[in-house]
Amino acid sequence: MHRLTPLALVAALFALPALADGTLIVSDAYARSTGPQAISGAAFLMLENTGTVDDRLIAIRTEAAKRAEIHAHLMDANGVIRMVQVEDGIALPAGAKHVLERGGDHIMLMGLTVPLEQGMTIPVTLIFETAGEVAVEIPVDLARKPGQMPTQGSGG
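Being a predicted model, the structure only gives us computed values, none of them experimental. (Residues numbered from 1 in each chain as written. Predicted model: local features only at pLDDT ≥ 70, side-chain atom pairs only at ≥ 80, totals over all residues. Heavy atoms only, no water.)

For the structure shown, the criterion picks out three salt bridges. The partner of aspartate 28 in a salt bridge is arginine 144, and the shortest N-O contact between them spans 2.8 Å. Of the two residues, aspartate 28 is situated in strand S1 (residues 24-33) and arginine 144 in the segment after strand S10 (132-139); the sequence distance between them amounts to 116 residues. Its relative accessible area of 18% is what places aspartate 28 among the buried residues. In this structure, the salt-bridge partner of arginine 61 is glutamate 133, at a minimum N-O distance of 2.9 Å. Note that arginine 61 is positioned in strand S3 (residues 55-62) and glutamate 133 in strand S10, a separation of 72 residues in sequence. (Salt bridge = Lys/Arg side-chain N within 4 Å of Asp/Glu carboxyl O. Helix = DSSP H or I, 4+ residues; strand = E, 2+ residues; numbered from the N terminus. Buried < 20%, exposed > 50% of the residue type's maximum accessible area, 1.4 Å probe, protein only.)

Further remarks concern the nonpolar core. Looking at soluble globular proteins, one finds that nonpolar side chains tend to be buried together. With 28 residues, the main nonpolar core has Leu45, Leu47, Ile122, Leu126 and Ile138 as its most contacted residues. Put simply, the parts of the chain that give this core at least two residues each are S1, strand S2 (40-49), S3, strand S4 (65-75), strand S6 (90-92), strand S8 (106-112), strand S9 (121-128) and S10. (Core = buried A, V, L, I, M, F, W, Y, C linked by side-chain atoms within 4.5 Å.)

Next comes the structure, spelled out in structure tokens:
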């Protein structure tokens, strides 16, 4: 049986309100790839922190790909747009929203383990600095255009 030291117990008690306080909402989620032979894909969604504690998306895990990373599109000094991994994660201040969308921040799925087929869903775990792990089912929508809202349901 494990025993908590008094210092660990105090630390755990102070951590509980921060963990319980933040409420994260994931909406408008969808994933896509370039077709049945694609080796990579991407997922997009909206994150909303309705709590009073700042948080940060720091990692993604899914069995649908060998690697899942947070990516962004950045313009270099020559005006060339490059896709880069966001090493520090995505800040999600209390009361804020952050959209992961095509042409901006997004989840990159590399080394797909299954083809992303229209209508299927992929299980994804979003890992936050404060809230911990949040499991979501992301529907695959290969027909959706940039900025287009889903035609049925909230999409996430």
